[in-house]
Amino acid sequence: ATNPMVLIRTPKQAKRLPKAISVEQIERLLAAPDDTDILGAVNVGVDSLLVLSGVTSVADLLVASPEVRPTYLGWDAASLLEPQSGVVVEGSRVGLREWYVDKGRLMGVGDVLDAVRVAAVAVWRGLLTFDEAVLGLRTRGVAVGLPRDP
């Protein structure tokens, strides 16, 4: 009781290996900014959250143009489930919880993500320079990184 179908040869297409993309193409894909979510939120007037998980650096945030500035920040995707607080701006004072800007210096203690939020808003409003913000954040252990080329 053998199977006669095993003796029949059917035409087969040649097997092809999938085309691989180059290392350069992979690097370009990873380096491409994905502002579409924040830009879309800004365009329709809703809040947005930027996750600082590696694609966007703190330095990128500090130099962000108005149309891609997020409302809130988080270190990872779990931030989507956490309550968010906005930075308070009153005249030349920018602050959040224990963090504030005073005379070109980032001051405070506590969650360094709050320090990043305060520094970003202060830079955007001209109350801190980029270099002052970077210095203030790095002295508190924040990996600021370098801004991407536009």
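The preceding data block contains the structure.
Reference entry: report on the structure contained in this document.

What counts, and where the lines are drawn
- Residues numbered from 1 in each chain as written.
- Predicted model: local features only at pLDDT ≥ 70, side-chain atom pairs only at ≥ 80, totals over all residues.
- Heavy atoms only, no water.
- Helix = DSSP H or I, 4+ residues; strand = E, 2+ residues; numbered from the N terminus.
- Axes fitted to C-alpha atoms, helices over the stretch in contact; angles between N-to-C directions.
- Parallel < 35°, antiparallel > 145°, perpendicular 65-115°, else oblique.
- Contact = heavy atoms within 4.5 Å.
- Nonpolar A, V, L, I, M, F, W, Y, C, P; charged D, E, K, R; others polar.
- Core = buried A, V, L, I, M, F, W, Y, C linked by side-chain atoms within 4.5 Å.
- Buried < 20%, exposed > 50% of the residue type's maximum accessible area, 1.4 Å probe, protein only.

**A look at unusual backbone geometry**
In this model, Arg-97 sits at a positive phi of 50°, which is unusual for a non-glycine residue. For Arg-97, the location among the structural elements is in the loop between β4 (93-96) and β5 (99-102). Positive phi, normally seen in glycine, also occurs at Lys-103, with a value near 50°. Counting through the fold element by element, Lys-103 comes out in the loop between β5 and β6 (105-107).

**Focus: the packing of helix α4 (residues 112-124) against helix α5 (residues 130-138)**
Contact pair α4 / α5: the axes reach a minimum separation of 9 Å and the direction vectors enclose 170°. As judged from the angle between their axes, α4 and α5 are roughly antiparallel. For the pair α4 and α5, the contacting residues are Ala-115, Val-116, Ala-119 and Val-123 in the first and Phe-130, Ala-133 and Leu-137 in the second. For the contact of α4 with α5, the residue count by class is seven nonpolar, no polar and no charged.

**Notes on the nonpolar core**
A general tendency of soluble globular proteins is for nonpolar side chains to be buried together. Residues Val-58, Leu-62, Leu-106, Val-116 and Leu-137 are the most contacted members of the largest nonpolar core, which totals 30 residues. Mapped by element, the contributors of at least two residues to this core are α3 (58-62), β4, β5, α4 and α5. With nine residues, α4 is the single largest residue contributor to this core. With sequence-adjacent residues up to four places away left out, Leu-137 is seen in contact with Val-58, Leu-62, Leu-106, Ala-115, Val-116, Ala-119, Val-142 and Val-144.

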